[in-house]
Amino acid sequence: MAVPAPVVLGLAMVVLASCATGAHGQLRMGFYDQSCPGVERMVGDFVRQHVGRVPTVAAALLRLHFHDCFVRGCDASVLLNSTAGSVAEKDAPPNLTLRGFDFVDRVKTLVEEACPGVVSCADVLALAARDAVAAIGGPSWRVPTGRRDGTVSSMQEALDEIPKPTMSFKQLTDLFATKGLGVRDLVWLSGAHTIGIAHCSSFADRLYGFPGAGAGAGNDTTDPSLDAAYAVNLRRRKCRAPNGGYAEDAVVEMDPGSHLTFDLGYYRALRKHRCLLQSDAALLTDPAARADVESVVGGPDEVFFQLFARSMATLATVQVKTGAEGEIRRKCAVVNGASN
Ligand code: HEM
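Residues numbered from 1 in each chain as written. Predicted model: local features only at pLDDT ≥ 70, side-chain atom pairs only at ≥ 80, totals over all residues. Heavy atoms only, no water.

Looking at an unreviewed UniProt entry, the chain carries the name Peroxidase, with the source organism given as Dichanthelium oligosanthes. Regarding the chain, the relevant UniProt record gives this comment under Function (unreviewed entry): "Removal of H(2)O(2), oxidation of toxic reductants, biosynthesis and degradation of lignin, suberization, auxin catabolism, response to environmental stresses such as wounding, pathogen attack and oxidative stress. These functions might be dependent on each isozyme/isoform in each plant tissue." In its Catalytic activity (unreviewed entry) section, the UniProt record describing the chain reads: "2 a phenolic donor + H2O2 = 2 a phenolic radical donor + 2 H2O". (UniProt positions renumbered as here; feature names shortened; annotations may be inferred.)

Dropping the structure here:
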């Protein structure tokens with residue numbers, strides 16, 4: 001059957017259009033080799049210099065990158081400020097404890113001075129997070145570049161798509177699957193909690209009035225999946241306000257004793273039921289995930305490093321914008337052309 005000429009023409013245009021997107025629509029190593037040579041070294045040097053002095057920056061950047069990639073892909077939408085017409089991701093409750101925005105701005109300013117309007121905020125963040133983890137002795141991974149920055153940032157989307165610390169294993173794996181990440185990515189990426197801190201408000205429900213706890217156990221209303229002695233320590237010391245109440249702003253090390261060191265401490269604590277979040281404890285509720293944890297915990301750090309690095313490389317490509325999509329923001333907190 002003969003195909004009418006307008007249909008053939010239409011199809012040809014669609015094919016051409018998608019080829020055009022494909023030709024430019026890829027991340028690749030050394031994307032800035034011609035347009036901004038040395039940018040990756042510039043980011044790396046700055047990060048190493050500062051993380052050497054303030055190692056807590058590493059956790060801040062790693063979490064920032066993760067939260068960026070989970071909403072609208074790794075497009076730096078998490079860095080945008082709210083505007084008169086729209087409340088941004090940044091102002092969503094799960095993001096109120098994010099840190100490191102100023103740091104990314106400083107790196108971006110340096111990069112803009114060298115190559116104005118060339119390097120995206122999304123790439124700056126992906127590179128800085130990678131270099132910061134390596135700078136505290138953690139693994140490194142390949143970060144192909146060429147991400148473009150988004151122009152939309154929505155508080156509601158952050159609420160819907162950032163995993164909640166109260167989520168079950170099934171809820172977490174379902175959410176990760178929507179980002180193209182598998183069960184093992186969840187297991188290894190959760191290992192990021194080997195560094196950094198959490199506010200008591202992020203896990204308070206495990207300590208006070210946990211649903212279903214306390215039946216027949218007197219006043220103990222803590223989450224039974226949390227080690228009892230550790231729960232007492234959190235309640236009586238770490239999260240205790242000076243007046244004896246509960247201090248929601250108090251912070252606790254995610255991996256007590258080595259929260260500045262990227263190591264297997266998280267998985268060792270997890271086995272002892274001493275991780276802070278229900279979402280951490282959830283990993284032990286699935287036999288395969290539990291077996292994965294067991295498989296690394298006694299081994300050298302390098303095995304975990306490789307697994308973590310592979311999952312980070314995947315995370316860093318989630319729903320990226322490339323080619324002609326989005327823009328290269330001049331300032332990470334505002335879209336180009338904004339009045340503020
Ligand atoms: C699996 C689901 C996850 C949940 C529910 C979750 C939740 C949380 C929460 C509630 C905190 C504490 C925030 C605070 O109170 O200040 C936190 C901290 C942190 N998370 Fe996650 N997280 C998850 C996965 C990840 C992943 C995949 C990464 C990175 C690859 C990551 C990196 C971090 C880091 C580095 C910190 C410490 C931040 C700091 O020191 O400021 N998390 N996470």
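1. Focus: the site of the ligand
Of all residues adjacent to the ligand, which total 26 residues, the nearest are Arg99, His193, Ile197, His199 and Ser202. Measuring from an oxygen atom of the ligand, one finds a side-chain N or O atom of arginine 99 at 2.8 Å. Note that an oxygen atom of the ligand is positioned 2.5 Å from one of the side-chain N or O atoms of serine 202. Counting only elements with at least two residues in the shell around the ligand, the list comes to helix 3 (57-70), helix 7 (169-177), helix 8 (183-189) and strand 1 (197-199). (Near = heavy atom within 4 Å. Polar contact = N/O pair within 3.5 Å; in protein donor to acceptor, adjacent residues only side chain to side chain. Helix = DSSP H or I, 4+ residues; strand = E, 2+ residues; numbered from the N terminus.)

2. Quick word on the side chain of lysine 90
Along the polypeptide, lysine 90 turns up in the loop between helix 3 and helix 4 (101-114). Buried and unpaired, lysine 90 has aspartate 105 as its nearest opposite-charge partner, separated by 6.2 Å. A polar contact is formed between the side chain of lysine 90 and the side chain of asparagine 81, at a distance of 2.4 Å. In this view, lysine 90 contacts Val78, Leu79, Leu80, Asn81, Asn95, Leu96, Phe101 and Ala333; residues no more than four positions away in its chain are not counted. (Buried < 20%, exposed > 50% of the residue type's maximum accessible area, 1.4 Å probe, protein only. Lys, Arg positive; Asp, Glu negative; His and termini not counted. Salt bridge = Lys/Arg side-chain N within 4 Å of Asp/Glu carboxyl O. Contact = heavy atoms within 4.5 Å.)

3. Quick look at unusual backbone geometry
For arginine 72, which is not glycine, the phi torsion reads 60 degrees and is therefore positive. Position of arginine 72 among the secondary structure elements: in the loop between helix 3 and helix 4. In this structure arginine 72 comes out as partly exposed when scored by relative accessible area, which is 31%.

4. Topic: the packing of aromatic side chains
Applying the stated criterion to the full structure yields 15 aromatic pairs. On the basis of an interplanar angle of 80 degrees and a centroid distance of 5.1 Å, the ring pair of tyrosine 267 and phenylalanine 304 is categorised as edge-to-face. Here phenylalanine 304 lies in helix 14 (residues 301-315) and tyrosine 267 lies in helix 11 (residues 265-271), a separation of 37 residues in the sequence. Phenylalanine 304 carries the same exposure label as tyrosine 267, and that label is buried. One cation-aromatic arrangement involves lysine 90 over phenylalanine 101; the distance from NZ or CZ to the ring centre is 4.8 Å. Here lysine 179 stacks its cationic end above the ring of phenylalanine 70, 5.8 Å away from the centre of that ring. (Phe/Tyr/Trp six-rings, centres within 6.5 Å; stacked < 30°, edge-to-face > 60°. Lys NZ or Arg CZ within 6 Å of the ring centre and 35° of its normal.)

5. Re the state of the cysteines
Per the stated rule, a full pass over the model turns up four disulfides. In this model cysteine 121 forms its disulfide with cysteine 332; the gap between the sulfur atoms is 2.2 Å. With the S-S dihedral at roughly -95 degrees, the linkage between cysteine 121 and cysteine 332 falls on the left-handed side. With cysteine 121 in helix 5 (residues 121-135) and cysteine 332 in the segment after helix 14, this pair connects stretches of sequence that are 211 residues apart. The exposure class of cysteine 121 is buried, given its relative accessible area of 0%. (Disulfide = S-S within 2.5 Å.)

6. A look at the nonpolar core
Formed by 79 residues in total, the largest nonpolar core has its most connected members in Leu79, Phe262, Tyr267 and Phe308. With 10 residues, helix 5 is the largest single contributor of residues to this core. Counting only domains with at least three residues in this core, you end up with domain 1 (39-161) and domain 2 (169-314). Aside from chain neighbours lying at most four places away, what touches phenylalanine 308 is Leu62, Pro139, Trp141, Trp188, Leu189, Gly191, Ala192 and Phe262. One finds Phe203, Tyr230, Ala231 and Met254 within the second-largest nonpolar core, a separate group that totals 16 residues. (Core = buried A, V, L, I, M, F, W, Y, C linked by side-chain atoms within 4.5 Å. Domains from an automatic or database assignment.)

7. Remarks on the coordination of the iron atom of the ligand
Within the protein, just one atom coordinates the iron atom of the ligand: His193 (NE2), at a distance of 2.1 Å. The topology assignment puts histidine 193 in the loop between helix 8 and strand 1. (Donors = N, O, S within 2.8 Å, 3.2 Å for Na, K, Ca; no water.)

8. Re the pattern of salt bridges
Evaluated as defined, the whole model comprises 13 salt bridges. Here lysine 321 ties to aspartate 75 by a salt bridge, and the two come within 2.9 Å at their closest N and O atoms. With lysine 321 in the segment after helix 14 and aspartate 75 in the loop between helix 3 and helix 4, this pair connects stretches of sequence that are 246 residues apart. With a relative accessible area of 18%, lysine 321 lands in the buried category. Ionic pairing is found between arginine 274 and aspartate 227, a salt bridge with its closest N-O pair at 3.1 Å. With arginine 274 in the loop between helix 11 and helix 12 (278-281) and aspartate 227 in the loop between helix 9 (204-207) and helix 10 (228-238), this pair connects stretches of sequence that are 47 residues apart. By relative accessible area, arginine 274 is classed as partly exposed at 32%. What you see here is one network of salt bridges that share partners, running through Glu40, Arg130 and Asp131.

9. Remarks on helix 3
For an α-helix, 3.6 residues make a turn, and residues three or four places apart therefore share a direction. Along its 14 residues, helix 3 runs 20 Å from first to last C-alpha, staying within 8% of the 20 Å computed at 1.5 Å per residue. Taking burial as the measure, the 14 residues of helix 3 include 12 buried ones, the bulk of the element. Where helix 3 is concerned, the buried positions are Val57, Ala58, Ala59, Ala60, Leu61, Leu62, Leu64, His65, His67, Asp68, Cys69 and Phe70. Of the surrounding secondary structure, the elements contacted by the buried residues of helix 3 are helix 2 (39-53), helix 4, helix 5, helix 6 (155-161), helix 7 and helix 14. Directly beyond the C-terminal end of helix 3, a positive phi value near 60 degrees is found at arginine 72. (Expected span 1.5 Å × (residues − 1).)

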